[in-house]
Amino acid sequence: MKISTKGRYGVRILMDLALYAKDAPRLMSEISLSQNISKKYISQLTLKLNNAGLITSFRGAKGGFKLALAPKDISLLNIIEVMEGPVCIVECVNDKTVCTRSDNCSACTVWSCINKKIRKQLANISLKDLIKLEKNKIRHLSN
(Lines give C-alpha, C1' and ligand atoms only; values in the text may rest on other atoms or scores of the structure.)
Protein backbone atom coordinates (compact mmCIF):
# COMPACT_ATOMS: atom_id res chain seq x y z
CA MET A 1 0.00 0.00 0.00
CA LYS A 2 1.32 3.39 -0.96
CA ILE A 3 -0.22 6.66 0.15
CA SER A 4 -0.38 8.97 -2.86
CA THR A 5 -0.25 12.75 -3.00
CA LYS A 6 -4.04 12.76 -2.58
CA GLY A 7 -3.71 11.22 0.87
CA ARG A 8 -0.65 13.21 1.92
CA TYR A 9 -2.05 16.52 0.67
CA GLY A 10 -5.42 15.77 2.28
CA VAL A 11 -3.63 15.48 5.61
CA ARG A 12 -1.72 18.73 4.95
CA ILE A 13 -4.90 20.62 4.04
CA LEU A 14 -6.65 19.47 7.22
CA MET A 15 -3.61 20.34 9.32
CA ASP A 16 -3.54 23.79 7.73
CA LEU A 17 -7.20 24.33 8.56
CA ALA A 18 -6.72 23.10 12.12
CA LEU A 19 -3.81 25.47 12.63
CA TYR A 20 -5.07 28.60 10.85
CA ALA A 21 -8.85 28.55 10.31
CA LYS A 22 -10.11 28.89 13.86
CA ASP A 23 -11.89 32.26 13.67
CA ALA A 24 -12.60 32.65 9.96
CA PRO A 25 -12.64 30.30 6.98
CA ARG A 26 -9.27 29.79 5.34
CA LEU A 27 -9.01 30.92 1.72
CA MET A 28 -7.90 28.43 -0.91
CA SER A 29 -5.12 30.84 -1.90
CA GLU A 30 -3.85 30.87 1.70
CA ILE A 31 -3.77 27.07 1.83
CA SER A 32 -2.07 26.97 -1.57
CA LEU A 33 0.63 29.39 -0.49
CA SER A 34 1.14 27.82 2.93
CA GLN A 35 1.22 24.21 1.72
CA ASN A 36 2.72 24.75 -1.74
CA ILE A 37 -0.16 22.93 -3.43
CA SER A 38 -1.80 24.28 -6.59
CA LYS A 39 -5.25 25.81 -6.19
CA LYS A 40 -6.58 23.48 -8.89
CA TYR A 41 -5.46 20.41 -6.92
CA ILE A 42 -6.73 21.87 -3.64
CA SER A 43 -10.10 22.37 -5.31
CA GLN A 44 -10.27 18.66 -6.21
CA LEU A 45 -9.14 17.52 -2.78
CA THR A 46 -11.39 19.83 -0.78
CA LEU A 47 -14.39 18.55 -2.73
CA LYS A 48 -13.67 15.04 -1.42
CA LEU A 49 -13.05 16.31 2.12
CA ASN A 50 -16.25 18.37 2.01
CA ASN A 51 -18.37 15.48 0.66
CA ALA A 52 -17.02 13.26 3.45
CA GLY A 53 -18.04 15.80 6.10
CA LEU A 54 -14.50 16.52 7.27
CA ILE A 55 -14.56 20.17 6.18
CA THR A 56 -17.18 22.80 5.50
CA SER A 57 -16.92 25.21 2.61
CA PHE A 58 -18.16 28.80 2.67
CA ARG A 59 -18.91 30.85 -0.45
CA GLY A 60 -18.57 34.55 -0.99
CA ALA A 61 -16.07 37.26 -0.20
CA LYS A 62 -15.37 35.83 3.24
CA GLY A 63 -15.59 32.27 2.00
CA GLY A 64 -13.13 29.46 2.35
CA PHE A 65 -12.83 26.29 4.37
CA LYS A 66 -13.01 25.22 8.01
CA LEU A 67 -12.89 21.89 9.75
CA ALA A 68 -16.34 20.36 10.19
CA LEU A 69 -15.20 18.26 13.17
CA ALA A 70 -12.85 18.78 16.07
CA PRO A 71 -9.28 17.65 15.29
CA LYS A 72 -9.56 14.97 18.00
CA ASP A 73 -12.47 13.45 16.05
CA ILE A 74 -10.62 13.08 12.74
CA SER A 75 -8.28 10.11 12.51
CA LEU A 76 -5.53 9.54 10.01
CA LEU A 77 -7.53 6.49 8.89
CA ASN A 78 -10.55 8.74 8.16
CA ILE A 79 -8.46 11.06 6.03
CA ILE A 80 -6.59 8.35 4.12
CA GLU A 81 -9.76 6.39 3.35
CA VAL A 82 -11.60 9.51 2.17
CA MET A 83 -8.73 10.44 -0.12
CA GLU A 84 -7.48 7.00 -1.20
CA GLY A 85 -10.25 4.48 -0.55
CA PRO A 86 -10.09 1.54 1.86
CA VAL A 87 -6.71 0.81 3.41
CA CYS A 88 -5.77 -2.57 2.02
CA ILE A 89 -2.30 -4.00 1.52
CA VAL A 90 -3.49 -6.73 -0.90
CA GLU A 91 -6.81 -7.12 -2.72
CA CYS A 92 -7.75 -10.47 -1.21
CA VAL A 93 -7.97 -8.90 2.26
CA ASN A 94 -11.05 -6.85 1.32
CA ASP A 95 -12.37 -8.95 -1.54
CA LYS A 96 -12.07 -12.73 -1.20
CA THR A 97 -13.42 -13.20 -4.74
CA VAL A 98 -10.18 -11.93 -6.36
CA CYS A 99 -8.40 -15.14 -5.40
CA THR A 100 -9.88 -18.63 -5.32
CA ARG A 101 -7.41 -19.62 -2.60
CA SER A 102 -8.03 -16.76 -0.18
CA ASP A 103 -10.22 -18.82 2.19
CA ASN A 104 -7.47 -21.43 2.69
CA CYS A 105 -4.38 -19.29 2.18
CA SER A 106 -1.92 -18.78 5.03
CA ALA A 107 -0.46 -15.74 3.31
CA CYS A 108 -3.92 -14.12 3.14
CA THR A 109 -4.30 -14.73 6.88
CA VAL A 110 -1.01 -12.93 7.48
CA TRP A 111 -1.98 -10.07 5.13
CA SER A 112 -5.28 -9.67 6.96
CA CYS A 113 -3.51 -9.49 10.32
CA ILE A 114 -1.03 -6.89 9.06
CA ASN A 115 -3.85 -4.90 7.43
CA LYS A 116 -5.82 -4.82 10.70
CA LYS A 117 -2.76 -3.55 12.56
CA ILE A 118 -2.13 -0.81 10.00
CA ARG A 119 -5.79 0.27 10.15
CA LYS A 120 -5.73 0.26 13.96
CA GLN A 121 -2.55 2.37 14.06
CA LEU A 122 -3.98 4.89 11.58
CA ALA A 123 -7.24 5.03 13.56
CA ASN A 124 -5.31 5.76 16.77
CA ILE A 125 -3.60 8.85 15.35
CA SER A 126 -5.84 11.91 15.32
CA LEU A 127 -5.47 15.21 13.54
CA LYS A 128 -5.04 16.66 17.03
CA ASP A 129 -1.97 14.43 17.51
CA LEU A 130 -0.49 15.65 14.23
CA ILE A 131 -1.15 19.29 15.16
CA LYS A 132 0.60 18.76 18.49
CA LEU A 133 3.65 17.39 16.65
CA GLU A 134 3.58 20.32 14.22
CA LYS A 135 3.34 22.92 17.00
CA ASN A 136 6.26 21.28 18.82
CA LYS A 137 8.30 21.37 15.61
CA ILE A 138 7.48 25.05 15.07
CA ARG A 139 8.31 25.86 18.70
CA HIS A 140 11.60 23.97 18.43
CA LEU A 141 12.59 25.80 15.22
CA SER A 142 11.82 29.22 16.72
CA ASN A 143 14.12 28.67 19.72
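Residues numbered from 1 in each chain as written. Predicted model: local features only at pLDDT ≥ 70, side-chain atom pairs only at ≥ 80, totals over all residues. Heavy atoms only, no water.

**What to know about the overall build of the protein chain**
The number of helices and strands found in the protein chain is 7 helices and 2 strands. When its helices and strands are written in sequence order, the protein chain yields α-α-α-β-β-α-α-α-α. Each of the three principal axes of the protein chain carries a C-alpha extent, and together these read 60 × 35 × 25 Å. Per-residue burial for the protein chain yields a buried fraction of 34% across its 143 residues. (Helix = DSSP H or I, 4+ residues; strand = E, 2+ residues; numbered from the N terminus. Buried < 20%, exposed > 50% of the residue type's maximum accessible area, 1.4 Å probe, protein only.)

**Topic: the environment of Leu45**
For Leu45, the location among the structural elements is in helix H3 (residues 39-51). With 37 residues separating them along the chain, Leu45 and Arg8 place their C-alpha atoms 11 Å apart. When sequence neighbours within four positions are dropped, the list of residues in contact with Leu45 reads Lys6, Tyr9, Gly10, Ile13 and Met83. (Contact = heavy atoms within 4.5 Å.)

**Thoughts on the confidence of the model for the protein chain**
Residues at a pLDDT of 70 or more form 99% of the protein chain, whose mean pLDDT is 91. When pLDDT is averaged over each helix and strand of the protein chain, the minimum, 82, is found for helix H5 (residues 91-94) and the maximum, 97, for helix H4 (residues 76-84). (pLDDT = per-residue confidence, 0-100.)

**Quick word on the packing of helix H1 (residues 5-20) against H4**
Orientation of H1 relative to H4, taken along the N-to-C sense of each, is 130°, at an axis distance of 8 Å. Here H4 runs oblique to H1, going by the angle between their axes. The handedness of the crossing between H1 and H4 is right-handed. Touching Lys6, Gly7, Gly10, Val11 and Leu14 of H1 are Leu76, Ile79, Ile80, Met83 and Glu84, all from H4. Here the residues of the contact of H1 with H4 are counted per class, giving 6 nonpolar, 2 polar and 2 charged. (Axes fitted to C-alpha atoms, helices over the stretch in contact; angles between N-to-C directions. Parallel < 35°, antiparallel > 145°, perpendicular 65-115°, else oblique. Left-handed = near helix turned anticlockwise from the far one by under 90°. Nonpolar A, V, L, I, M, F, W, Y, C, P; charged D, E, K, R; others polar.)

**Describing the pattern of salt bridges**
Once the charged atoms of two side chains with opposite charge are near each other, the side chains can pair. Inspection of every chain in the model, using the stated rule, returns 4 salt bridges. Among the salt bridges present, the one from Arg26 reaches Asp16, with a minimum N-O distance of 2.6 Å. Residue Arg26 is located in the loop between H1 and helix H2 (28-35), and its partner Asp16 is located in helix H1; the two are separated by 10 residues in the primary sequence. When sorted by exposure, Arg26 lands in the same class as Asp16, which is buried. One salt bridge connects Arg119 with Glu81, and the closest N-O pair in it is separated by 2.2 Å. With Arg119 in helix H6 (residues 106-123) and Glu81 in helix H4, this pair connects stretches of sequence that are 38 residues apart. (Salt bridge = Lys/Arg side-chain N within 4 Å of Asp/Glu carboxyl O.)

**What to know about a nonpolar patch on the surface**
Taken together, the side chains of Val110, Trp111 and Ile114 define a hydrophobic patch exposed on the protein surface, amounting to about 240 Å² of accessible area. Take Trp111: it is sitting in helix H6. Looking at Trp111, the relative accessible area reads 34%, which means it is partly exposed. (Patch = residues over 30% accessible without salt bridge, like charges linked within 9 Å, V, L, I, M, F, W, Y side chains within 5 Å. Areas by Shrake-Rupley, 256 points an atom, 1.4 Å probe, with all protein chains shown as cover.)

**Details of the packing of H1 against H2**
In a packed pair of helices, the relevant descriptors are the angle between the two axes and the axis-to-axis distance. Between H1 and H2, the shortest axis-to-axis distance is 10 Å and the interhelical angle comes to 110°. Taken together, H1 and H2 sit at an angle that is classed as roughly perpendicular. Along this stretch, H1 crosses H2, giving a crossing that reads as right-handed. When H1 is examined against H2, the residues Arg12, Ile13, Asp16, Leu17 and Tyr20 are found in contact with a partner set consisting of Ile31, Ser34 and Gln35. Across the contact of H1 with H2, the residue classes tally to 4 nonpolar, 2 polar and 2 charged.

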